[in-house]
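The residues making up each chain are set out below.
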Amino acid sequence: MVPRFHDLTVTDIERQTPEAVAVAFAVPDELREEFAFKPGQYLTLAATVDGQDVRRSYSICSAPGETMLKVGVKKVADGRFSRFVNEVLSIGDTIRVMPPEGRFTSLAGERHDYLLIASGSGITPMLSIAKTVLAHEPASTVTLVYGNRTTDTIMFREELQDLKDAHMRRFSLVNLLSREKQDVDLLNGRIDGGRIRRMAELGLIDPFSSDGVFLCGPGEMIDDVSLALKDLGVDPDRIRFERFTPSGEAPAPRAPSAAAQKAVAEGVSIEVVLDGVRRGFPMGEGASTVLDAAHAAGLELPYSCAGGMCCTCRCRVVEGQSEMAVNFSLEPWEIEAGFTLACQTRPLSQRLVLDFDAT
């Protein structure tokens, strides 16, 4: 089913740090099945901010079965939507919310050893995973390495401490602080590949026996730690990560190929299948991607990040040829099966048909 926005009412806003809040929503009974989620998934929120439609994705911090559906939102520099949530949004307001999505979820089965590595607001999906595992997998263990600037910037600090107190033998919490001195020198500084390597060598963490190593935080941290873990010999299939922004090391969007420029210059006819309905629109030189062309034609296609990271606009090419500017989310098998991201898709043929209902 193609995800659609629903109007949800804000029932609670809890200040976590001076720059972060946890926002809770009321989910009507008729939408409970649609908003059921797996720990680690995210919600896409949309609102009109400064006269413009803005949408952003935020990970769910509650666990399945809890009373409230909550996300964590940290205010970031130049973050129009995060400022709106932290400074303007109020209890009782209505906001558009897309049902849960995402592949950064806990492992299947009954017993696992988890290593979770998070920085800043990257704790949000980790909290949902940790709470769910500790509550429903009595033989599983969780080790969380969590990096922040100071103690005052630790999101969900009390909740994490409560988890530690309740599951002392199964939950290990390691806090790293980059701007506040701690007694152990290894715990002073940012999370990076070298620090994770040293922690593994000293036995503070055990990535080798972990069934899953989950990473969430700045793109640079994810890339550096992933590389260090692989160099240590950790199976790449056990390393999972969630990113909502590319790192400085991530590849920049590729320039349009000669074939893409030629197709757009001559005019492209695009047809999409969405909720069983076919809709057509043109793509000319004013649009750089299929998503841009759809917006210009007044057609709302599903999307969230518009940066090739979230997979919300995933669809299958059923006729014609295309290329992507960049891809951070589709797996190789999906590309081989003909899937593409509408927010990054450029036509290479005069006719392009995309099926958003394909699974």
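Residues numbered from 1 in each chain as written. Predicted model: local features only at pLDDT ≥ 70, side-chain atom pairs only at ≥ 80, totals over all residues. Heavy atoms only, no water.

With an unreviewed UniProt entry as reference, the protein chain is termed Phenylacetate-CoA oxygenase/reductase subunit PaaK, source organism Aquibium carbonis.

J.: Before we go on, may I ask you to explain the overall build of the protein chain in this structure?
T.: A tally of regular secondary structure across the protein chain gives eight helices and 18 strands. Computed over its C-alpha atoms, the radius of gyration of the protein chain comes to 21 Å, within 12% of the 21 Å expected for a compact globule of 359 residues. Projected onto the principal axes, the alpha-carbon positions of the protein chain cover approximately 65 × 50 × 40 Å. Evaluated residue by residue, the protein chain yields a buried proportion of 52% over its 359 residues. Long-range contacts, defined here as pairs at least 24 residues apart, represent 67% of the contacts in the protein chain between residues at least 6 apart. Of the roughly 16,700 Å² of accessible surface on the protein chain, 48% is carried by carbon and sulfur atoms. Between the mean site of the 38 positive side-chain charges and the mean site of the 51 negative ones, the protein chain shows a separation of 2 Å. (Helix = DSSP H or I, 4+ residues; strand = E, 2+ residues; numbered from the N terminus. Rg over C-alpha atoms; globule rule 2.2 N^0.38 Å. Buried < 20%, exposed > 50% of the residue type's maximum accessible area, 1.4 Å probe, protein only. Contact = heavy atoms within 4.5 Å. Areas by Shrake-Rupley, 256 points an atom, 1.4 Å probe, with all protein chains shown as cover. Lys, Arg positive; Asp, Glu negative; His and termini not counted. Charge placed at Lys NZ, Arg CZ, Asp CG, Glu CD.)

J.: Help me understand helix 4 (residues 193-201), please; the structure alone is not making it clear to me.
T.: At 3.6 residues per turn, the α-helix brings residues three or four places apart onto the same side. Within the sequence span of helix 4, burial applies to G193, R195, I196, M199 and A200. In a view along the axis of helix 4, the buried residues occupy a sector of 165 degrees, so they form one face of it. Here the buried face of helix 4 lies against strand 7 (113-119), strand 8 (141-148), strand 9 (171-177) and helix 5 (219-232). Phi turns positive, to about 80 degrees, at G203, one or two residues after helix 4. (Arc of directions from axis to C-beta.)

J.: Honestly, the sheet that holds strand 6 (residues 94-101) in this entry has me stumped. Any pointers?
T.: Ordered in space as 4-3-6-1-2-5, the six strands form an open sheet in which the pairing is antiparallel. This sheet does not close on itself; its edge strands, each paired only once, are strand 4 (52-59) and strand 5 (69-74). Mean inter-strand twist for the sheet, computed between neighbouring axes without regard to direction, equals 40 degrees. Pairing of strand 3 (residues 42-49) with strand 4 involves eight bridges; the strand directions are antiparallel. Directly across from T48, in strand 4, lies its bridge partner D53. (Pairing = 2+ DSSP bridges. Axes fitted to C-alpha atoms, helices over the stretch in contact; angles between N-to-C directions.)

J.: Where do I start with a negative patch on the surface in this structure?
T.: A cluster of acidic residues, E14, E158, D162 and D165, forms a negative patch at the surface. Element by element, the count of residues in the negative patch is highest for helix 3 (residues 157-166), at three residues. Along the chain, the position of E158 falls in helix 3. (Patch = residues over 30% accessible without salt bridge, like charges linked within 9 Å, V, L, I, M, F, W, Y side chains within 5 Å. Salt bridge = Lys/Arg side-chain N within 4 Å of Asp/Glu carboxyl O.)

J.: Please clarify how the packing of helix 2 (residues 123-136) against helix 3 should be interpreted in this entry.
T.: In helix packing, the relevant descriptors are the interaxial angle and the interaxial distance, both defined with respect to the helix axes. Interaxial distance between helix 2 and helix 3 falls to 12 Å at its minimum, and their mutual angle equals 25 degrees. In terms of axis orientation, helix 2 runs roughly parallel to helix 3. Considering only the axes of helix 2 and helix 3, their crossing is left-handed. Contacts from I123, L127, A130, K131 and L134 in helix 2 reach E159, L160 and L163 in helix 3. Grouping the constituent residues of the contact of helix 2 with helix 3 by class yields six nonpolar, no polar and two charged. (Parallel < 35°, antiparallel > 145°, perpendicular 65-115°, else oblique. Left-handed = near helix turned anticlockwise from the far one by under 90°. Nonpolar A, V, L, I, M, F, W, Y, C, P; charged D, E, K, R; others polar.)

J.: Would you explain the domain arrangement of the protein chain in this entry?
T.: Interface size is commonly expressed as the accessible surface area that is lost when the partners come together. With domains assigned, the protein chain is organised as domain 1 (6-101), domain 2 (113-243) and domain 3 (258-355). Taken over C-alpha atoms, the centre of domain 1 sits 24 Å from the centre of domain 2. Contacts between the two partners involve 20 residues from domain 1, matched on the other side by 16 residues from domain 2. When domain 1 packs against domain 2, close to 1,400 Å² is buried across both sides, 57% of that on carbon and sulfur atoms. Its largest share of buried area at the contact with domain 2, domain 1 owes to Q16, C61 and K74, together 33% of the area lost on that side. Our count for the domain 1 to domain 2 interface comes out at two salt bridges. As a salt-bridge pair, E66 and K131 come within 3.2 Å of each other at their nearest N and O atoms. Inspection of the region where domain 1 meets domain 2 yields five residue pairs in polar contact (both at pLDDT 80 or more). Breaking the side of domain 1 that touches domain 2 down by element, the ones donating at least two residues are strand 1 (6-17), strand 2 (20-26) and strand 5. Sort the elements by how many residues they give to the side of domain 1 that touches domain 2 and strand 5 lands first, with three residues. When its residues are assigned to classes, the side of domain 1 that touches domain 2 shows 11 nonpolar, six polar and three charged. (Domains from an automatic or database assignment. Buried area = accessible area lost by both parts, 1.4 Å probe. Polar contact = N/O pair within 3.5 Å; in protein donor to acceptor, adjacent residues only side chain to side chain.)

J.: What should I look at first to understand the sheet that holds strand 10 (residues 212-216) in this one?
T.: Here we have five strands laid out as an open sheet, ordered 9-8-7-10-11, and parallel in their pairing. Looking at which strands have only one partner, the edges of the open sheet turn out to be strand 9 and strand 11 (239-242). Taken pair by pair, the neighbouring strands of this sheet meet at an average axis angle of 15 degrees, ignoring direction. Both strand 10 and strand 11 contribute to a ladder of four bridges, which runs parallel. In the sheet register, C216 faces strand 11, and the bridge partner there is E242. Strands strand 7, strand 8, strand 9 and strand 10 of the sheet are contacted by helix 2, whose axis makes an angle of about 155 degrees with strand 7. Contacting strand 7, strand 10 and strand 11, helix 5 crosses the sheet at an angle of about 155 degrees to strand 10.

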